[in-house]
Amino acid sequence: MVRRFTAKLTKSSSIHTRQTPGMRDNDIDAVLSFHLPRLTMTIVGSPRWGPSRLGEIIRSTRILLADSGRYALDIVLPPRCLACGEIVDRQGGVCAVCWRALTFLTPPWCTCCGRPFPHAVDLDDDGEMLCPDCLIDPPWYDQARAVLVYDDGSRGMILGFKHGDRTFAAPAFAAWMARAGAALLADCDLVVPVPLHRWRLFRRRYNQAALLAIAIGNSTKVPVVPDLLIRQRATDSQGHLGRAARYLNVAGAFAVSPRRQAAIAGRRILLIDDVLTSGATVTECARVLLAAGAARIDVLALARVVKAG
Ligand SMILES: [Zn+2]
Ligand SMILES: [Zn+2]
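Just so we're clear, the structure is a prediction, and the values are computed from it rather than from any experiment.

## A look at the overall build of the chain
Next up, step 1: Secondary structure summary: the chain contains eleven helices and ten strands in total.
Next up, step 2: For the chain, the residues scored as buried account for 35% of the 309 residues in total.
Next up, step 3: In the chain, once contacts between residues fewer than 6 apart in sequence are set aside, the share between residues at least 24 apart is 63%.

## Here's the deal with the nonpolar core
Next up, step 1: Of all hydrophobic cores here, the largest spans 63 residues; its most connected members are Met177, Leu212, Leu271, Ile272 and Leu302.
Next up, step 2: Setting aside residues no more than four positions away along its own chain, Leu212 makes contact with Ala170, Phe173, Ala174, Met177, Pro193, Ile272, Asp274 and Leu302.

## Side note on unusual backbone geometry
What you tend to see is this: most non-glycine residues have negative phi, and most peptide bonds are trans.
Next up, step 1: Following Pro107, the chain continues to Pro108 via a peptide bond in cis, the omega torsion being 5°.
Next up, step 2: One can find Pro108 in the loop between helix H3 (96-101) and helix H4 (132-136).
Next up, step 3: Even without being glycine, Lys221 reaches a positive phi, approximately 70°.
Next up, step 4: Relative to the elements of secondary structure, Lys221 occurs in the loop between helix H9 (208-220) and strand E7 (229-231).

## Overview of helix H11 (residues 280-291)
Next up, step 1: Its twelve residues place the ends of H11 17 Å apart at the C-alpha level, agreeing with the 16 Å of an ideal helix rising 1.5 Å per residue.
Next up, step 2: Most of H11 is tucked away: nine of the twelve residues are buried.
Next up, step 3: Trailing H11 by a residue or two, Gly293 shows a phi angle of about 110°, which is positive.

## Some words on the confidence of the model for the chain
As a general rule, the predicted coordinates of low-pLDDT regions are not to be interpreted in detail.
Next up, step 1: Averaged over every residue, the pLDDT of the chain is 77; residues scoring 70 or more account for 72%.
Next up, step 2: Between residues 1-54, whose pLDDT stays under 50, and residues either more than four places distant or in other chains, the model counts 82 contacts.
Next up, step 3: Here residues 56-74 is a poorly scored stretch, pLDDT under 50, and it has 23 contacts once near neighbours within four places are set aside; other chains count.

## Observations regarding the sheet that holds strand E10 (residues 296-304)
Next up, step 1: Spatially, four strands are ordered E5-E10-E9-E6 in an open sheet, and the strand pairing comes out parallel. Of all strands in the sheet, those with a lone pairing partner are strand E5 (144-149) and strand E6 (190-193), marking the two edges. In this sheet, adjacent strand axes meet at a mean angle of 20° when their direction is disregarded.
Next up, step 2: Pairing analysis gives eight bridges linking strand E9 (residues 268-276) to E10, with the strands arranged parallel. In the sheet register, Arg268 faces E10, and the bridge partner there is Arg296.

Cut-offs and rules
Residues numbered from 1 in each chain as written. Chains lettered and ligands numbered in written order. Predicted model: local features only at pLDDT ≥ 70, side-chain atom pairs only at ≥ 80, totals over all residues. Helix = DSSP H or I, 4+ residues; strand = E, 2+ residues; numbered from the N terminus. Buried ≥ 20, exposed ≤ 12 C-beta atoms within 10 Å, placed from the backbone. Contact = placed C-beta atoms within 7 Å. Core = buried A, V, L, I, M, F, W, Y, C linked by C-beta atoms within 7 Å. Expected span 1.5 Å × (residues − 1). pLDDT = per-residue confidence, 0-100. Pairing = 2+ DSSP bridges. Axes fitted to C-alpha atoms, helices over the stretch in contact; angles between N-to-C directions.

Below is the structure:
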């Protein structure tokens, strides 16, 4: 007889213990399998553990997990710095050295695109000020905000999340974003990630903007629609392109998913991306969403490129 004990923990995680097939009834080999997002861990226990011991393990582990997913991860892996991998005191933390290297964006900044001004500015009567780019060529979105400057201090951490499978960082990044974008989140109906083209999604296996959007939705309870936008055309990497070429590169690249048309009319949508560079991608997404009937588009990103001077 094979005993199976299953404890449902959350929608995305479970723990079960099982008696190894072929073993005698009282000679139980306990196997605890942790199935957490992107983490599967198996702990093989003592062959002397009986059913009551297994039940105790399940109960205590379930309590730990119910208290906080953090404990579950602490059991199997020590918490590590999101940037350099050094052991830190809590999940989602950054060590002191890496923390000092990060530059968090602070006002004064352009009311529209959120680009920081390098010097003090005189705000208008409404407490607002636009940068020259937004004055000359206003983006389709209303406001964009980001947490960090994308620079030498943050690049490695963000690329590790984007290309290096460090997806465990998503909840921590989302918490930073929820704080930086609190005003935008309070004023939106839906959270929507910037999509990847399906081939890029296939190669990378996950859309980092969607992970951030889902984590933000989890913590703020704002509905998330990960597949509202689709990238109908693969675009060249924007890294080497100038500002004008970036806008051309993404023109016509996005569309609203036919299945999601009804979700848009009159909605205030918060677009989520990992890094804002010229803003060409998010303003093109905003254009498509407004054309489909959205009432207002704002943008929240983990980091943004800030031009010198
Ligand atoms: Zn570090
Ligand atoms: Zn601006």
